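# A look at the structure
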Amino acid sequence: MRGREADALRAQARELADLTVGRPVYPRGLIELSNICRKDCLYCGLRVGNTSVERYMLTDSEVLQAAEQARKQGFGSVVIQSGEIQSEGYSSRIENLVKEIKRSGMAVTLSLGEQSADTYRRWKQAGADRYLLRIETSDRDLYKRIHPDTPAHSYEKRLQALQELRAAGFQVGTGVMIGLPGQSVESLAADLLFMRAIDVDMCGMGPYIECAETPLADAPESFPVSERIELTLNMIATLRLMMPDINIAATTALDTLRPGARDRAIGCGANVIMPNVTPDVYRDKYALYKRNSPLETALCGYELACGQPGDPLHWIRRKG
Ligand code: SAH
Ligand code: SF4
């Protein structure tokens, strides 16, 4: 859909969002814990094969300070995100960080890649509320084309991880990249059906952005940048119509491609934003893709819901 047709789709989605999740937009403070990663995803600047990245790891006190600062600024929730690191030491460190942050009353979301079912359970028990793990694409063949052919990059395992996260009791979020080389509109439509089939509580979909130091950057593009933005907005609107009571993020990647596009996503029915609260010195090092500094634009007409956890209505209803 383009032009007036797309406008009508998006307006209807926003109208439905107003009736279900309402006008509040929930801010989550994004803490980028580390850019160390054991994986080699062909699209991502943090891939282990990218030797030009200077790797960092926040200290516990840097994480706790960032969380505290976020709380003071009115965030009801933080997201701890990092490259995929699997070790006992790391698992117990996260466990302790979660416990500590939960004392302040904030909701905690983790986005730390694939872990063992036992680790998910430990982190849930420590008090983490939500987990974000994008399926990246629900299209098995495309997934294979954008990841190396190794056991660490298995579509089946990614799918299983989402099931294990649900079983561990998390509010589960997933999502996809939009405009990947080799992706079709049909494949994106299948992504939306996938979200419904696995009954997600939260979803974050953003445009794919070429990162110069990655193998996928040289692949022929499937959609030019402007189409990726319009497609993302249509995807958000359609998902809102399909799943009226879930939380949908207006992703930062939208603003990276075009300042202001993130706010347009709210006008299409998104109700979550994730401003970066990582200490400034580390920001340039956490480059999933090359980004300009995302402008914190005004949320015209919507209320920023300060100090509230913003649990997905979908999850509240499912829990009964
Ligand atoms: N390592 C964890 C979390 C950090 S990566 C994980 O992979 O789950 C977070 C997200 O960044 C990924 O899920 C992916 O969707 C997104 N991402 C990575 N490279 C990207 C790129 N070039 N363009 C757009 N999004 C990208
Ligand atoms: Fe690592 Fe996540 Fe990037 Fe893949 S997408 S290389 S798992 S940080």
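In what follows, the accompanying structure is described. Computed from a predicted structure; not experimentally measured.

Neighbouring residues of ligand 2: Cys-37, Lys-39, Cys-41, Tyr-43, Cys-44, Arg-47 and Gly-83. Grouping the amino acids of the shell around ligand 2 by side-chain chemistry returns four nonpolar, one polar and two charged.

Residues Asn-247 and Ala-249 of strand S9 (residues 247-250) are buried on one face, and the alternating residues Ile-248 and Ala-250, pointing to the opposite face, are buried as well. Across four bridges, strand S8 (residues 202-207) lies against S9 in parallel orientation. Following the sheet pairing, Cys-203 is matched in S9 by Ile-248. Taking the sense of rotation as the criterion, the β-α-β connection linking S8, helix H8 (residues 225-242) and S9 turns out right-handed.

For the rest of this paragraph, the subject is the nonpolar core. By size, the foremost hydrophobic cluster in this structure holds 82 residues, and its most contacted members are Leu-110, Tyr-131, Phe-170, Met-205 and Leu-239. The element contributing the most residues to this core is H8, with seven residues. Discounting chain neighbours no more than four positions away, the residues touching Leu-239 are Leu-192, Met-195, Cys-203, Met-205, Ile-246 and Ile-248. Residues Tyr-26, Val-79, Met-274 and Ala-305 belong to the second largest nonpolar core, which totals seven residues.

With their axes 8 Å apart at the nearest point, helix H3 (residues 88-102) and helix H4 (residues 117-125) run at an angle of 20° to one another. As the angle between them shows, H3 and H4 are arranged roughly parallel. Judged by the twist between their axes, the crossing of H3 over H4 is right-handed. Taken together, the residues of H4 that come into contact with H3 (itself represented by Glu-88, Ser-91, Ser-92, Ile-94, Glu-95 and Val-98) are Thr-119, Arg-122 and Trp-123. A breakdown of the residues in the contact of H3 with H4 according to their chemical character gives three nonpolar, three polar and three charged.

A few words now on the pattern of salt bridges. All told, the structure shown has 29 salt bridges when counted by the stated rule. One salt bridge in this structure joins Glu-114 and Arg-158, with 2.9 Å as the shortest N-O distance. A residue pair is termed long-range when its members are at least 10 positions apart, and Glu-114 in the loop between strand S4 (107-111) and H4 and Arg-158 in helix H6 (residues 155-167) qualify at 44 residues. Residue Glu-114 is classed as buried on the basis of its relative accessible area of 6%.

Taken together, 18 residues lie around ligand 1, and Tyr-43, Arg-134, Glu-136, Arg-158 and Ile-209 are the ones closest in. Note that a nitrogen atom of ligand 1 is positioned 3.0 Å from one of the backbone N or O atoms of Tyr-43. Within the side chain of Glu-136, one N or O atom sits 2.6 Å away from an oxygen atom of ligand 1. Burial of ligand 1 by the protein chains amounts to 92% of its free accessible area of 540 Å². Within the shell around ligand 1, the residues separate by chemical class into nine nonpolar, five polar and four charged.

Counted residue by residue, strand S2 (residues 29-34) has six buried out of six residues, so it is predominantly covered. Here S2 pairs with strand S3 (residues 77-82) via five bridges, running parallel. Note that in S3 the partner of Ile-31 across the bridge is Ile-80. In terms of handedness, the path from S2 via helix H2 (residues 60-72) over to S3 forms a crossover that is right-handed.

Here we come to the packing of aromatic side chains. Considering all chains together, one arrives at four aromatic pairs under this definition. Pairing Tyr-120 with Tyr-131 gives two aromatic rings, centres 5.5 Å apart and planes at 75°, and the pair type is edge-to-face. On the criterion of sequence distance, the pair formed by Tyr-120 in helix H4 and Tyr-131 in strand S5 (residues 130-132) is long-range, its members being 11 residues apart. Take Tyr-131: its relative accessible area is 0%, and that puts it in the buried class. Here Tyr-143 and Tyr-155 contribute two aromatic rings whose centre-to-centre distance is 5.4 Å and whose plane-to-plane angle is 75°, an arrangement assigned as edge-to-face. With a gap of 12 residues between them, Tyr-143 in helix H5 (residues 140-145) and Tyr-155 in helix H6 connect regions that are remote in the sequence. Using a relative accessible area of 1% as the deciding quantity, one classes Tyr-143 as buried. Look at Tyr-155 and you get buried, because its relative accessible area is 5%. Counting every residue linked through ring pairs, the aromatic cluster contains Tyr-120, Tyr-131 and Phe-170.

On to the side chain of Gln-183, then. Relative to the elements of secondary structure, Gln-183 occurs in the loop between strand S7 (177-178) and helix H7 (185-197). The exposure class assigned to Gln-183 is buried, which follows from its relative accessible area of 4%. Of the polar contacts made by the side chain of Gln-183, one reaches the backbone nitrogen of Gly-179; its length is 2.7 Å. A distance of 2.8 Å separates a polar side-chain atom of Gln-183 from the backbone nitrogen of Leu-180. Here Gln-183 is in contact with Thr-137, Leu-142, Met-177, Ile-178, Leu-188, Asp-191, Ser-222 and Phe-223, once residues within four sequence places are set aside.

So, how was this worked out
Residues numbered from 1 in each chain as written. Chains lettered and ligands numbered in written order. Predicted model: local features only at pLDDT ≥ 70, side-chain atom pairs only at ≥ 80, totals over all residues. Heavy atoms only, no water. Near = heavy atom within 4 Å. Nonpolar A, V, L, I, M, F, W, Y, C, P; charged D, E, K, R; others polar. Buried < 20%, exposed > 50% of the residue type's maximum accessible area, 1.4 Å probe, protein only. Helix = DSSP H or I, 4+ residues; strand = E, 2+ residues; numbered from the N terminus. Pairing = 2+ DSSP bridges. Right-handed = clockwise from strand over helix to strand, strands pointing away. Core = buried A, V, L, I, M, F, W, Y, C linked by side-chain atoms within 4.5 Å. Contact = heavy atoms within 4.5 Å. Axes fitted to C-alpha atoms, helices over the stretch in contact; angles between N-to-C directions. Parallel < 35°, antiparallel > 145°, perpendicular 65-115°, else oblique. Left-handed = near helix turned anticlockwise from the far one by under 90°. Salt bridge = Lys/Arg side-chain N within 4 Å of Asp/Glu carboxyl O. Polar contact = N/O pair within 3.5 Å; in protein donor to acceptor, adjacent residues only side chain to side chain. Areas by Shrake-Rupley, 256 points an atom, 1.4 Å probe, with all protein chains shown as cover. Phe/Tyr/Trp six-rings, centres within 6.5 Å; stacked < 30°, edge-to-face > 60°.

By themselves, these observations are geometric and do not establish any function.
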